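Each chain, letter by letter, is given below.
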Amino acid sequence: MSYSFTGIAYFLGFLATGLLANRFFLYWQRGKNTLSKALCLFVSIFGLFMLIGAIGGLFFADNFEILKLVTILSVFIQSFAIATLGYIVVYMKIP
């Protein structure tokens, strides 16, 4: 069983985005405003992307079929994260 450096990097990124998502969640619970809710959603979705990449890179580095599935899921999840980021930009320009 081989591990990839990409899987390790995605796992460390998942830990960092998990902490950031927790912080934004606490801001959202304290402030109850739309911007903190959208930032919490964006970072949580991005953390999910990092988790899927970490699982694929750490445990299935040799399996081509699962890596193709991980790539498709990653692009699908990233599209939701980028759509949320687009909402944040539009909300900050036009509240």
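Asks: Hey, could you run me through the overall build of the protein chain in this one?
Replies: Scanning the protein chain from N- to C-terminus turns up three helices and zero strands. Overall size of the protein chain, expressed as C-alpha extent along the three principal axes, is 50 × 20 × 15 Å. For the protein chain, restricting intrachain contacts to residue pairs at least 6 apart in sequence, the fraction spanning at least 24 positions comes to 71%. As displayed, the protein chain has an accessible area near 6500 Å², and 75% of this comes from carbon and sulfur atoms.

Asks: Quick question: what am I supposed to make of the pattern of salt bridges here?
Replies: Pairing between side chains of opposite charge can happen when the charged atoms of each approach one another. Applying the stated criterion to the full structure yields one salt bridge. Notably, a salt bridge pairs Lys 68 with Glu 65, separated by 3.8 Å at the nearest N-O pair. Placement of the pair is Lys 68 and Glu 65 together in helix H3 (residues 64–93), with a separation of three residues, close to one helical turn.

Asks: Sorry, what's going on with the nonpolar core here?
Replies: As a rule of thumb, nonpolar side chains are buried together in soluble globular proteins. In this structure, Phe 42, Val 43 and Ile 77 are the most contacted members of the largest nonpolar core, which totals 14 residues. Sorting elements by how many residues they give to this core places helix H2 (residues 34–59) first, with eight residues.

Asks: Please clarify how a nonpolar patch on the surface should be interpreted in this entry.
Replies: A surface patch of nonpolar side chains, about 940 Å² in accessible area, is lined by Tyr 3, Phe 5, Ile 8, Phe 11, Leu 12, Leu 15, Ile 55, Phe 59 and Phe 60. The set of elements that each furnish at least two residues to the nonpolar patch consists of helix H1 (5–31) and H2. Take the nonpolar patch: its biggest share by element is five residues, from H1. Position of Ile 55 relative to the elements: it lies in helix H2. Exposure remark for Ile 55: the relative accessible area of 36% places this residue in the partly exposed category.

Asks: Can you walk me through unusual backbone geometry in this structure?
Replies: Most peptide bonds take the trans form, and the phi angle of most residues other than glycine is negative. Despite not being glycine, Lys 32 has its phi angle at roughly 55°, a positive value. Position of Lys 32 relative to the elements: it lies in the loop between H1 and H2.

Rules used throughout
Residues numbered from 1 in each chain as written. Predicted model: local features only at pLDDT ≥ 70, side-chain atom pairs only at ≥ 80, totals over all residues. Heavy atoms only, no water. Helix = DSSP H or I, 4+ residues; strand = E, 2+ residues; numbered from the N terminus. Contact = heavy atoms within 4.5 Å. Areas by Shrake-Rupley, 256 points an atom, 1.4 Å probe, with all protein chains shown as cover. Salt bridge = Lys/Arg side-chain N within 4 Å of Asp/Glu carboxyl O. Core = buried A, V, L, I, M, F, W, Y, C linked by side-chain atoms within 4.5 Å. Buried < 20%, exposed > 50% of the residue type's maximum accessible area, 1.4 Å probe, protein only. Patch = residues over 30% accessible without salt bridge, like charges linked within 9 Å, V, L, I, M, F, W, Y side chains within 5 Å.

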